[in-house]
Amino acid sequence: MTRTHGMTSRASKVLRIACPIGIFAVCAWALAPHFAAQSLDGIFNQLRAVTWPAWLAAASLSIISLWSVGRYDGVAHRHFATGIADHRARWSGTIAISLGQTLGFGLFTSAFARWRMLPDISLATSLKLSAFVSFSFVLSWAVVLGVACAFLPAPAWIKPLAFTIVVIIPAAIWLMFRHPVLHLTRYTARLPSLLSAGAIVLWTTVDTVAAGAVLFVLLPHGTEVSFAQFLPLFLLALGTALLSNTPGGVGPFELMMIGLFPHLPAGDVLVSILAFRIVYYACPAIFAGVTLIMPFAASPLRPSHPQASLKRARNAELGIIKQNGGRTLQTRDGACAIWPTGQTLTALCDPIQGSASATFSALRYEAKSTGRLPMVYKCSAQTAASARQNGWSVMHVSDDALIDPQVYAPNAPSARQLRRKLRAAEKSGLSIEWSGALPWSDMARVDAIWQSTHSTARGGTMGRFEQGYLSDHLIVRGYVKGVLVAFATFQRSTQEWCLDVMRHTDAAPDGTMHALVHQAVICARHAAIGRVSLAAVPACPDPNSAIYRWAARIAVTMAGGTGLRQFKSVFSPRWTPRYAASPNPVTLAIGLFDIAREVRSPAPIAIRKENTAHEIHNSDENYELASKRAS
């Protein structure tokens, strides 16, 4: 089996090399009669006939095209978060593509050039960057070709394909938004964000239009064709050259141009293409080859900053970043918790330390460096006011249910419904534990039963059952006749506890979850915790706006209906508004949809290891309670 696989691998390598050589040989044979009709002196005379203004225009347009191709690498480096400065990424990309498009075998030649120019990246990373740039360019070329052939004069036979591409574009955008990560058979691929994809298509448009204009200005005088007619044909020829993988597309490009312009003398077309190759390929390649002698110096190591401790954060729910792939971000005067999604980089709640304005500045920079949109989610009114002062769009998205454990009064007249639920749970024989060894296998069973009746657990800003993530939570468990029937977990910081994962089976008696939350609040009182959050629910509809009421009603239904608010209202919490903010209304809408997608279709759990065993041990010492069971 291994031998057969090895032979297949060697055969595929031989084919990858042999195919471009074979294509070039066939094209050279087909072009030979046209070159034979031209004498060497005739070719030189035709080149000398090209006016200096035409050469100058072609050189200027080539610079514009090469400037734009370098920006592909800026997008690629942001996509892979290499940490390479933009100017280095773009310059190395320009050099790599200049060599790759001239020498052929672009994936490997450009990868070597990138590796040579950037000592901070490995050869494997360089290959990834080259593959990303090459593949994304081909897809973007198809988009530009489709739009150009659909809306500009083009051969009739290409029109159906062009309109098909135009129709597919919205579906492709939806796919990139809905599935930012593709889980293939053996590999997982993260698609570029919509912001990055838009940038790639933009720079591909500038690149290909400028490249087409280079050849257009070098066509012989008297060519009766407008640039609008010429561009679709040039893009078709360019695509043929790309797919052939011959050095510089030599052969297939010439044949396509001759075939697409049958009314022009073939010799004149070939001489114009030769001039095009001198300006657009040869000169940049020579310059790039010389530049390879002078690669960038390795960047100095950045000083490492200690991770801000989530245990001292005002918002305990920031602990969710240990499960959703988030991390802490250092700001000018503190730190914040950030969470990367498909389209956005979201700062959760308020800063862990420091000012809101410093958070906005750091978030903008970090989002740009990863090709995402900046977003703040579930922040306080104070942070929202600061966002407005910075010109950001702000929306009231949820209300947080807060309880002060020190003044919590289940015997108050307003708590009649809570007392009724607690009495029902007590009469059923429910017993509650909140300390001691945790029954992970029993909890996993309860979680599996809950998911079988409630569908897959939501994620993103909502915690999911996973032992590593829940190991530093307060976990209150409910038993009936010694069998675990429910549990509720609370994230913990020195300032707040926050309700997180709630699970139960059908065997849980009425009032079970109320009793678990009630016990957690009592525990928080004994631990001298300042507040307990029962977590947020979607904001109530604005009675003055019918559209807002309709949208909010949908949001409430998608988030679990009105039951969550009713359940939490039993504890007479203080409802505190939470806001979302982004630089403008469009990015705010995209960010909210992106977060909703992550919540409803979460990625696999990604547990981070920042919090050490020492931190967890100290947390357990701070919050351990003497009593083990209440009946």
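(A) Representation of the overall build of the chain within the structure. The secondary structure content of the chain amounts to 21 helices and 14 strands. Once local pairs closer than 6 in sequence are excluded, the contacts in the chain between residues at least 24 apart make up 72%. Summed over its atoms, the accessible surface of the chain is roughly 30,200 Å², and 65% of this surface lies on carbon and sulfur atoms.

(B) The confidence of the model for the chain, seen in detail. Of the residues in the chain, 81% reach a pLDDT of 70 or more, and the chain-wide mean stands at 83. Contacts from residues 1–7, a stretch scored under 50 in pLDDT, to residues over four places away or in other chains number zero contacts. Ignoring residues within four places in sequence, the model shows residues 609–631, a span with pLDDT below 50, making 41 contacts including any to other chains.

(C) Broad picture of the nonpolar core. Of all hydrophobic cores here, the largest spans 46 residues; its most connected members are Phe234, Phe253, Met257 and Phe276. Sorting the residues of this core by element identifies α3 (52–79), α6 (123–151), α8 (194–218), α9 (227–244), α10 (252–260) and α11 (266–291) as the ones contributing at least two each. Counting residues per element, this core draws most heavily on α11, at ten residues. Those residues in contact with Phe234, other than ones at most four positions away along the chain, are Thr208, Ala211, Gly212, Leu215, Phe253, Met257 and Phe276.

(D) A look at unusual backbone geometry. Positive phi is not limited to glycine here, since Ala81 has a value of about 50°. Note on placement: Ala81 falls in the loop between α3 and α4 (86–103). Since its relative accessible area comes to 53%, Ala81 is described here as exposed. Its identity as a non-glycine residue notwithstanding, Ala535 has a phi of 75°, on the positive side. By secondary structure assignment, the location of Ala535 is in strand β12 (residues 531–538).

(E) View of a positive patch on the surface. Taken together, the side chains of Arg416, Arg420, Arg423 and Lys427 make up a positively charged region of the molecular surface. On the basis of relative accessible area, Arg420 is assigned to the partly exposed category, the value being 49%.

(F) How the structure looks around the packing of α3 against α11. The interhelical angle for the contact between α3 and α11, taken along N-to-C directions, is 45°, at an axis separation of 10 Å. Between α3 and α11, the angle falls in the class oblique. For the crossing formed where α3 meets α11, the hand is right-handed. Between α3 and α11, the residues in contact are Trp55, Ala58, Ala59, Ser62, Ser65 and Leu66 and Ala275, Val279, Tyr280 and Pro284, respectively. Here the residues of the contact of α3 with α11 are counted per class, giving eight nonpolar, two polar and no charged.

(G) A look at the pattern of salt bridges. In this structure the tally under the stated criterion is 16 salt bridges. Of the charged contacts in the structure, one is a salt bridge between Arg565 and Asp399, with a shortest N-O distance of 2.9 Å. With Arg565 in helix α19 (residues 563–569) and Asp399 in strand β7 (residues 393–403), the pair connects residues that are 166 residues apart, well separated along the chain. Take Arg565 and Asp399: they sit in the same class, and that class is buried. The closest approach of N and O atoms between Asp594 and Arg597, which form a salt bridge, is 2.7 Å. Highlighted residues: Asp594 and Arg597, both in helix α20 (residues 585–600), separated by three residues, approximately one helical turn. Residue classification places Asp594 among the buried positions, given a relative accessible area of 0%. What emerges from the salt-bridge pattern is a single network uniting Arg78, Asp86 and Arg90.

(H) View of the side chain of Ser130. With respect to the helices, strands and loops of the structure, Ser130 is situated in helix α6. Of note is the side chain of Ser130, whose polar atom sits 3.2 Å from the backbone nitrogen of Ala111. Leave out the neighbours within four places in its chain, and Ser130 touches Leu107, Ser110, Ala111 and Arg114.

(I) Fine view of the environment of Met256. The residue Met256 is located in helix α10 in this model. Taking the relative accessible area as the measure of exposure, Met256 reaches 23% and is therefore partly exposed. Sequence separation between Met256 and Gly239 is 17 residues, and the spatial gap between their C-alpha atoms is 9.8 Å. For Met256, the contacting residues outside a window of four places in its chain are Leu236, Ala237 and Thr240.

(J) Spatial organisation of α11. The terminal C-alpha atoms of α11 lie 36 Å apart, and with 26 residues this matches the ideal 38 Å at 1.5 Å per residue to within 8%. Residue Ile278 marks the point of greatest curvature in α11, where the axis turns by about 35°.

(K) Molecular detail of the packing of aromatic side chains. In the structure shown here, the tally under the stated rule is 18 aromatic pairs. On the basis of an interplanar angle of 75° and a centroid distance of 5.6 Å, the ring pair of Phe80 and Phe132 is categorised as edge-to-face. Here Phe80, found in the loop between α3 and α4, pairs with Phe132, found in helix α6; they are 52 residues apart in sequence, far enough to count as distant. Phe80 gets classed as partly exposed once you look at its relative accessible area, which sits at 29%. Given the relative accessible area of 13%, Phe132 is considered buried. Taken together, a centroid distance of 6.4 Å and an interplanar angle of 70° make the contact between Phe112 and Trp115 edge-to-face. Residue Phe112 and its partner Trp115 are both found in helix α5 (residues 106–117); the two are separated by three residues, about one turn of the helix.

(L) Structural view of α20. Compared with an ideal rise of 1.5 Å per residue, which puts 16 residues at 22 Å, α20 spans 23 Å between its outermost C-alpha atoms and is within 8% of the ideal. Among the residues of α20, those classed as buried are Thr587, Leu588, Gly591, Asp594, Ile595, Arg597, Glu598 and Val599. Check the buried side of α20 and you find it contacts α7 (159–178), β4 (335–340), β5 (344–348), β6 (373–379), β7 and β13 (574–582).

Scoring rules and cut-offs
- Residues numbered from 1 in each chain as written.
- Predicted model: local features only at pLDDT ≥ 70, side-chain atom pairs only at ≥ 80, totals over all residues.
- Heavy atoms only, no water.
- Helix = DSSP H or I, 4+ residues; strand = E, 2+ residues; numbered from the N terminus.
- Contact = heavy atoms within 4.5 Å.
- Areas by Shrake-Rupley, 256 points an atom, 1.4 Å probe, with all protein chains shown as cover.
- pLDDT = per-residue confidence, 0-100.
- Core = buried A, V, L, I, M, F, W, Y, C linked by side-chain atoms within 4.5 Å.
- Buried < 20%, exposed > 50% of the residue type's maximum accessible area, 1.4 Å probe, protein only.
- Patch = residues over 30% accessible without salt bridge, like charges linked within 9 Å, V, L, I, M, F, W, Y side chains within 5 Å.
- Salt bridge = Lys/Arg side-chain N within 4 Å of Asp/Glu carboxyl O.
- Lys, Arg positive; Asp, Glu negative; His and termini not counted.
- Charge placed at Lys NZ, Arg CZ, Asp CG, Glu CD.
- Axes fitted to C-alpha atoms, helices over the stretch in contact; angles between N-to-C directions.
- Parallel < 35°, antiparallel > 145°, perpendicular 65-115°, else oblique.
- Left-handed = near helix turned anticlockwise from the far one by under 90°.
- Nonpolar A, V, L, I, M, F, W, Y, C, P; charged D, E, K, R; others polar.
- Polar contact = N/O pair within 3.5 Å; in protein donor to acceptor, adjacent residues only side chain to side chain.
- Expected span 1.5 Å × (residues − 1).
- Bend = angle between axes of the 7 residues up to and from the residue.
- Phe/Tyr/Trp six-rings, centres within 6.5 Å; stacked < 30°, edge-to-face > 60°.

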